[in-house]
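The primary structure of each chain is shown beneath.
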Amino acid sequence: MSRSGWARASRSRASRAPGTRRRPGCGARPRSFRELDRLRLTWQPSGWSHDTTLQLTVTSAGEGRARLGVHQERLADAGERERQRAHWQDVVAGIVAALER
């Protein structure tokens, strides 16, 4: 799927998917996409005065397993970096829990 096709599809799925939560005022713009590998986007949570670069990667972790990597750049300071680290650890834990159901 092309990057623009992927972006259109993901926007329409996200707005209709049961259980999908979208925070008002949170903005994201896709920057690059490599199918079955990575997504980079400009991301700005509501209430933040600046945007960041968020990169999500998927890599093989052995037979029938995958690793989800989260990397966030352009954070304001060490405090913001630690808060975001905790946030993404919670997000990944939630994904793992949902997959194990």
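Predicted, not measured: the structure shown is a model, and the values here were computed from it.

Novice: Whenever I open this one, the pairing of strand β2 (residues 38-44) confuses me. Can you help?
Specialist: Consecutive side chains along a regular strand alternate between the two faces of the sheet. Burial analysis of β2 places five of its seven residues in the buried class, which makes it a mostly covered element. Where strand β1 (residues 27-34) lies against β2, seven bridges are found, and the strand directions are antiparallel. Along β2, the bridge assignment pairs Ser-32 with Arg-40. Between β1 and β2, which pair antiparallel and follow one another directly, the connecting turn spans three residues, one of which, Leu-36, has a positive phi of 60 degrees. In the sheet, β2 pairs with strand β3 (residues 52-60) via six bridges, with the strands oriented antiparallel. Of the residues in β3, the one forming a bridge with Leu-39 is Leu-56.

Criteria and cut-off values
Residues numbered from 1 in each chain as written. Predicted model: local features only at pLDDT ≥ 70, side-chain atom pairs only at ≥ 80, totals over all residues. Heavy atoms only, no water. Buried < 20%, exposed > 50% of the residue type's maximum accessible area, 1.4 Å probe, protein only. Helix = DSSP H or I, 4+ residues; strand = E, 2+ residues; numbered from the N terminus. Pairing = 2+ DSSP bridges.

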